[in-house]
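Chain residues, written in single-letter form:
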Amino acid sequence: MIPRSSRPYIFINSAMSADGKLSTYERKQVKISGKADFERVDELRAETDAIMVGIGTVLADDPSLTVKSAQRREKRVADGKEENPIRIIVDSRARTPVDADIFKKGVGRKIIVIAESAEKENKEKVTALSKMPDTKIIVAGTNQVNLEEMAVQLKKEGINRLMVEGGAALNYGLISTGLADELKIFVGNLIIGGKTAPTFADGDGFNEENIRRLTLESAEKIEDGILLTWKVNRDGD
């Protein structure tokens, strides 16, 4: 496990249904929270150095990952920052569409993190992505992105506080490797159901001996849901 000083502080922000689902079994995005929570998320974005998602989220939802409030963007500029945090996609095989919204909406730096194999198997696409405006390609890992190696490289890019907005596979990867420091989870007042619908953390799962424990920091009622803030316990904590 790499030391915290060598990587950004990483927190995952997510919204899920009361039964722990992120979207329907069709993997179609569902409105889980309301205006008050949207404002909270926008404030979190404005206060962070970078926002990261996995390629699955990009292909399913095509998020722009921008700060929506003009006032918050203006404050960032006044503080000597770019309007938007750096936007990062974890994309082992370089599948990010060149017409994705992160390239079309909002100004600011973008980072696509790929595995070494993508440079050989999908060379033309890697070249195309590298030519997108304000976009940098980072290589970490052989056949899939090595999240620990990636985290060290992101620290060197000047990223000290990193916000993660999914999806389920990336969430699991960050938690299982000990990289996630904090979870902010809004639980909404709806049931989605479906055994194949994505949950907060998918991946291989933990056995009983390796289950990750959390420490509850706060619970706040927001509209008809609740925001839970957890610290992720690490070995030795």
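Remember, predicted model here, so these are calculated numbers, not experimental data.

J.: Describe the overall build of the protein, naming the residues involved and giving the relevant values.
T.: The helix and strand inventory of the protein stands at 8 helices and 9 strands. Computed over the C-alpha atoms, the radius of gyration of the protein is 17 Å, within 12% of the 18 Å expected from 2.2 N^0.38 for a compact globule of 237 residues. The C-alpha extent of the protein, read off along each of the three principal axes, is 45 × 45 × 40 Å. Taking the contacts inside the protein whose residues are at least 6 apart along the sequence as the reference set, 73% of them involve residues at least 24 apart. Positive and negative side-chain charges of the protein, numbering 37 and 38 respectively, have mean locations separated by a distance of 2 Å.

J.: Help me get a handle on the pairing of strand E8 (residues 214-222), residues and values and all.
T.: Here 8 bridges tie E8 to strand E9 (residues 225-232), and the two strands are oriented antiparallel to one another. Bridging across to E9, Thr215 finds its partner in Lys231. What sits between E8 and E9 in their antiparallel hairpin is a turn of 2 residues, with Glu223 showing a positive phi close to 50°.

J.: Talk me through the sheet that holds strand E4 (residues 110-114); I want residue IDs and the actual numbers.
T.: Pairing within the open sheet is mixed, and its 9 strands lie in the order E5-E4-E3-E2-E6-E1-E7-E9-E8. The sheet is open, and its two borders are formed by strand E5 (135-139) and E8, each paired with just one other strand. Adjacent strand axes in the sheet meet at a mean angle of 20°, parallel and antiparallel pairs treated alike. Here 4 bridges tie strand E1 (residues 9-16) to strand E6 (residues 161-164), and the two strands are oriented parallel to one another. If you follow Ile10 over to E6, its bridge partner there is Leu162.

J.: Could you give me a rundown of the side chain of Ser64, with the residues and numbers involved?
T.: Note on placement: Ser64 falls in the loop between helix H2 (55-61) and helix H3 (70-78). The class of Ser64 is buried, set by a relative accessible area of 8%. Among the polar contacts listed, one links the side chain of Ser64 to the side chain of Thr66, at a separation of 3.1 Å. Within the structure, the side chain of Ser64 is placed 2.9 Å from the side chain of Lys68, a separation counted as a polar contact. When near neighbours in sequence (up to four residues on either side) are disregarded, Ser64 contacts Arg87, Asp101, Ile102 and Lys105.

J.: Any details on the environment of Ser23? Residues and values, ideally.
T.: With respect to the helices, strands and loops of the structure, Ser23 is situated in the loop between E1 and helix H1 (35-47). When its relative accessible area of 8% is taken as the criterion, Ser23 is described as buried. Excluding residues within four positions of it along the chain, Ser23 makes contact with Lys28, Gln29, Ile192, Ala197 and Pro198.

J.: Please set out the side chain of Arg40 residue by residue, giving values where relevant.
T.: Of note, Arg40 is situated in helix H1. Discounting chain neighbours no more than four positions away, the residues touching Arg40 are Asn13, Lys184, Phe186, Ile222 and Leu227.

J.: Explain the packing of aromatic side chains to me, and be specific about the residues and the numbers.
T.: Counting across every chain of the model gives 1 aromatic pair. Their ring planes at 40° and their centres at 5.1 Å tell us that Tyr172 and Phe206 sit as a pair that is tilted. Remark: Phe206 occurs in the loop between strand E7 (182-187) and E8 and Tyr172 occurs in helix H8 (residues 168-176); sequence separation between them is 34 residues. Judged by relative accessible area, which is 32%, Phe206 ranks as partly exposed.

J.: Describe H1, naming the residues involved and giving the relevant values.
T.: With 13 residues, H1 should cover 18 Å at 1.5 Å per step; its first-to-last C-alpha distance of 19 Å lies within 8% of that length. Listed as buried for H1 are Asp37, Arg40, Val41, Asp42, Leu44, Arg45 and Ala46.

Rules used throughout
Residues numbered from 1 in each chain as written. Predicted model: local features only at pLDDT ≥ 70, side-chain atom pairs only at ≥ 80, totals over all residues. Heavy atoms only, no water. Helix = DSSP H or I, 4+ residues; strand = E, 2+ residues; numbered from the N terminus. Rg over C-alpha atoms; globule rule 2.2 N^0.38 Å. Contact = heavy atoms within 4.5 Å. Lys, Arg positive; Asp, Glu negative; His and termini not counted. Charge placed at Lys NZ, Arg CZ, Asp CG, Glu CD. Pairing = 2+ DSSP bridges. Axes fitted to C-alpha atoms, helices over the stretch in contact; angles between N-to-C directions. Buried < 20%, exposed > 50% of the residue type's maximum accessible area, 1.4 Å probe, protein only. Polar contact = N/O pair within 3.5 Å; in protein donor to acceptor, adjacent residues only side chain to side chain. Phe/Tyr/Trp six-rings, centres within 6.5 Å; stacked < 30°, edge-to-face > 60°. Expected span 1.5 Å × (residues − 1).

Function cannot be inferred from these measures alone, as they are strictly geometric.
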